[in-house]
Amino acid sequence: VQLQASGGGLVQAGGSLRLSCAASGRLFSMYAMSWFRQAPGKEREFVAGITRNGGSTDYADSAKGRFTISRDNAKSTLYLQMNSLKSEDAAVYYCAAGMRTQVPVYWGQGTLVTVSS
């Protein structure tokens, strides 16, 4: 599966962004999907994950209560709604597909999120 993330940009602290990840092919619904992020000088970290049918989600502690992951299998698209953004949320965000959340096999290219204070 090929993944294309979009929706990043510059936002003020406290603002919102919605990231999207479009998947090619008809196999999107077979994969658990996740969002990861990597800030400069830091390791890539898990942000949020969603099961194949969207019935279950999991979040990093840093994302709980502020971010919402969702998917539309009919459109082969994954989303990440990010609210109340903080400077520490600034990073390149990657979508990923795998058999389980937090265990990616396929990666998309990143989309940059910049948060101004």
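Residues numbered from 1 in each chain as written. Predicted model: local features only at pLDDT ≥ 70, side-chain atom pairs only at ≥ 80, totals over all residues. Heavy atoms only, no water.

A. Layout of the overall build of the protein. Looking only at helices and strands, one finds zero helices and eleven strands in the protein. Reading the secondary structure of the protein in the N-to-C direction produces β-β-β-β-β-β-β-β-β-β-β. Its C-alpha atoms give the protein a radius of gyration of 13 Å, near enough to 13 Å, the size a compact globule of 117 residues would have. Summarising its shape, the C-alpha atoms of the protein cover approximately 40 × 25 × 25 Å along the three principal directions. The buried share among the 117 residues of the protein stands at 43%. Sequence separation of 24 or more characterises 53% of the internal contacts of the protein that already satisfy a separation of 6 or more. Looking at the protein as shown, the accessible area adds up to about 6,100 Å², and 47% of this sits on carbon and sulfur atoms. Averaged over its 12 positive side-chain charges, the protein has a centre that lies 8 Å from the centre of its 7 negative ones. (Helix = DSSP H or I, 4+ residues; strand = E, 2+ residues; numbered from the N terminus. Rg over C-alpha atoms; globule rule 2.2 N^0.38 Å. Buried < 20%, exposed > 50% of the residue type's maximum accessible area, 1.4 Å probe, protein only. Contact = heavy atoms within 4.5 Å. Areas by Shrake-Rupley, 256 points an atom, 1.4 Å probe, with all protein chains shown as cover. Lys, Arg positive; Asp, Glu negative; His and termini not counted. Charge placed at Lys NZ, Arg CZ, Asp CG, Glu CD.)

B. Structural detail: the state of the cysteines. Considering all chains together, one arrives at one disulfide under this definition. Between the sulfur of cysteine 21 and that of cysteine 95 lies a disulfide, 2.1 Å long from S to S. Judged by the sign of its S-S torsion, about 65°, the cystine formed by cysteine 21 and cysteine 95 is right-handed. Here the residue cysteine 21 occupies a position in strand β3 (residues 17-23), and cysteine 95 occupies one in strand β9 (residues 91-98), the gap between them amounting to 74 residues. Judged by its relative accessible area of 0%, cysteine 95 is buried. (Disulfide = S-S within 2.5 Å.)

C. Representation of the environment of methionine 99. Structurally, the position occupied by methionine 99 is in the loop between β9 and β10 (106-107). Residue methionine 99 is classed as exposed on the basis of its relative accessible area, which comes to 55%. A sequence separation of ten residues divides methionine 99 from aspartate 89, and the C-alpha atoms of the two residues are 26 Å apart. Excluding residues that lie within four positions of it along the chain, methionine 99 makes contacts with Met30, Tyr31 and Ala32.

D. Up close: the pairing of strand β8 (residues 77-82). Extensive coverage of β8 is indicated by the burial of five of its six residues. In this structure, β3 lies alongside β8, joined through six bridges in antiparallel fashion. What sits directly across from alanine 22, in β8, is threonine 77. The pairing of strand β7 (residues 67-72) with β8 spans six bridges and is classified as antiparallel. What sits directly across from phenylalanine 67, in β8, is methionine 82. (Pairing = 2+ DSSP bridges.)

E. Representation of the pattern of salt bridges in the model. On inspection of all chains with the given rule, the structure shows four salt bridges. In the salt-bridge network here, residues are joined through shared partners; they are Arg37, Glu45, Arg66 and Asp89. (Salt bridge = Lys/Arg side-chain N within 4 Å of Asp/Glu carboxyl O.)

F. Just the side chain of aspartate 89, in detail. By the element assignment, aspartate 89 lies in the loop between β8 and β9. Using a relative accessible area of 0% as the deciding quantity, one classes aspartate 89 as buried. With sequence-adjacent residues up to four places away left out, aspartate 89 is seen in contact with Arg37, Arg66, Phe67, Ser84 and Val113.

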